[in-house]
Amino acid sequence: MRIACVVSFLDEDRYLPSFLDSIAAQTRPPDELLLVDDGSRDRSQQVAERFAAGHAGHADHAGVRLLCRERRARERDRLLNAPELRAFRWAVGQLSEPWDVVVKMDADLSLSPDLFATMEREFERDERLGIGGAYLSVVDPHTQQLRRERCRSYHTRGGTKFYRRACWEQIGPLPEALGWDTIDEIAARRAGWRTASVACDAGDTIHLRPTGVYDGRVRAQYRWGSCAYGIGQHPLWVLASAMRRIGEPPFGLAALAFLSGWVAARLRGGPRASVELREFGRSEQLAELRSFVRELAT
């Protein structure tokens with residue numbers, strides 16, 4: 001099985017060295033590694049250049065390349081129009097042939113050393129696995145212990161997305177909308193593929209920058225509300241998601257920001273999942289809510 005990995009980054013010189021060290025430490029490295037600078041203004045490009053030069057011609061990393069995209073204008077919300085999806089889709093078109101699995105990976109991670117070996121084993125074991133990924137943990141600032149970030153077993157976090165080629169080609173093109181990295185899973189399951197997060201024997205991949213802190217927690221919650229609209233989540237699911245956030249930081253604002261993001265996105269419209277995918281996703285959400293209610297009743 002030939003695995004190609006695309007790492008798109010923007011101003012990640014703080015975390016990129018640790019990430020690249022964890023790539024180099026893989027027991028089963030990717031067969032091709034594309035480092036995609038998506039217009040960084042810091043020293044990310046130089047960090048990536050040194051890594052690519054240091055691994056040029058190395059037997060385990062013969063496919064390391066650095067690609068640079070044009071610097072784009074600053075936007076009020078850097079993720080609104082799914083620039084990471086555009087960069088990833090562009091990079092997939094630059095991959096060498098053939099490849100069997102392509103990985104979209106963020107640069108603010110420290111990978112479990114057996115991540116690629118684990119995912120290769122899972123894809124070989126289950127031919128219906130279309131999208132897989134790793135569970136992510138963060139260092140709790142109070143206890144300094146690792147704590148796994150919330151993730152349902154059928155969901156794959158955007159930071160480590162492994163796509164089987166047949167699945168990737170079947171579900172595309174994905175909409176350039178907030179929530180695209182959940183829409184992809186809904187499309188895959190609707191097409192009969194399985195999606196899953198997988199635990200590595202050597203431990204979880206570490207999320208060096210916890211989800212939602214880059215732009216501030218209030219903006220993150222607002223954005224997740226906009227994602228809920230883009231995905232087409234059922235209103236009951238949106239309400240349940242808001243209630244779950246009542247106890248999350250920033251306390252008293254997280255739920256309100258989430259609902260505000262959903263309402264604002266609904267009012268302004270914009271790109272979102274197709275009607276067919278929204279209906280399929282809502283049927284999954286209602287089934288899960290019914291199961292939850294039955295469990296409470298027993």
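Scroll up a little and you will see the structure.
Please read these numbers as outputs of a predicted model, since none were measured by experiment.

1. Quick look at the packing of helix α8 (residues 235-244) against helix α10 (residues 275-297)
The N-to-C vectors of α8 and α10 enclose an angle of 55°; their axes lie 9 Å apart at closest approach. Here α8 lies oblique to α10, going by the angle between them. For the pair α8 and α10, the crossing hand works out as left-handed. Residues P235, L236, W237 and A240 of α8 pack against R282, Q285, L286, E288 and L289 of α10.

2. As for the sheet that holds strand β6 (residues 129-134)
Here we have 7 strands laid out as an open sheet, ordered β3-β2-β1-β4-β9-β6-β10, and mixed in their pairing. Edge positions in the sheet fall to β3 (64-68) and β10 (194-198), since each has one partner strand and no second. Adjacent strand axes in the sheet meet at a mean angle of 20°, parallel and antiparallel pairs treated alike. Both strand β1 (residues 3-9) and strand β2 (residues 32-37) contribute to a ladder of 6 bridges, which runs parallel. If you follow A4 over to β2, its bridge partner there is E32. Relative to strand β4 (residues 101-105), helix α3 (residues 83-92) is tilted by about 145°, and along the sheet it contacts β1, β2, β3, β4 and β9 (160-164). Relative to the sheet, helix α6 (residues 180-190) contacts β4, β6, β9 and β10, its axis offset from that of β9 by approximately 30°.

3. What to know about the packing of aromatic side chains
Applying the stated criterion across every chain yields a total of 4 aromatic pairs. On the numbers, 5.2 Å between centres and 75° between planes, the contact of F88 with W168 is edge-to-face. Placement of the pair is F88 in helix α3 and W168 in helix α5 (residues 165-171), with a sequence separation of 80 residues. The buried category is assigned to W168, whose relative accessible area is 11%. When the centroid spacing of 5.5 Å and the interplanar angle of 65° are considered together, the rings of F116 and F162 count as edge-to-face.

4. Let's talk about the environment of V198
Secondary-structure assignment places V198 in strand β10. Taking the C-alpha atoms as reference, V198 lies 7.6 Å from M119; in sequence the two are 79 residues apart. Beyond its immediate stretch of four places on either side in the chain, V198 contacts T118, M119, E122, G133, A134 and Y135.

5. Notes on helix α2 (residues 44-54)
Side chains that are three or four residues apart share a direction in an α-helix, a result of its 3.6 residues per turn. Those residues of α2 that fall on the buried side of the exposure criterion are S44, V47, A48, F51 and A52. Seen along its axis, α2 keeps its buried residues to an arc of 130°; they face one direction. Across α2 from its buried face, at more than 90 degrees, point the exposed residues R50, A53 and G54. Turning to α2, the residues buried within the fold contact β1, α1 (16-24), β2 and β3.

Each value, and the rule that gives it
- Residues numbered from 1 in each chain as written.
- Predicted model: local features only at pLDDT ≥ 70, side-chain atom pairs only at ≥ 80, totals over all residues.
- Heavy atoms only, no water.
- Axes fitted to C-alpha atoms, helices over the stretch in contact; angles between N-to-C directions.
- Helix = DSSP H or I, 4+ residues; strand = E, 2+ residues; numbered from the N terminus.
- Parallel < 35°, antiparallel > 145°, perpendicular 65-115°, else oblique.
- Left-handed = near helix turned anticlockwise from the far one by under 90°.
- Contact = heavy atoms within 4.5 Å.
- Pairing = 2+ DSSP bridges.
- Phe/Tyr/Trp six-rings, centres within 6.5 Å; stacked < 30°, edge-to-face > 60°.
- Buried < 20%, exposed > 50% of the residue type's maximum accessible area, 1.4 Å probe, protein only.
- Arc of directions from axis to C-beta.

Coordinates in, geometry out; function isn't part of it.
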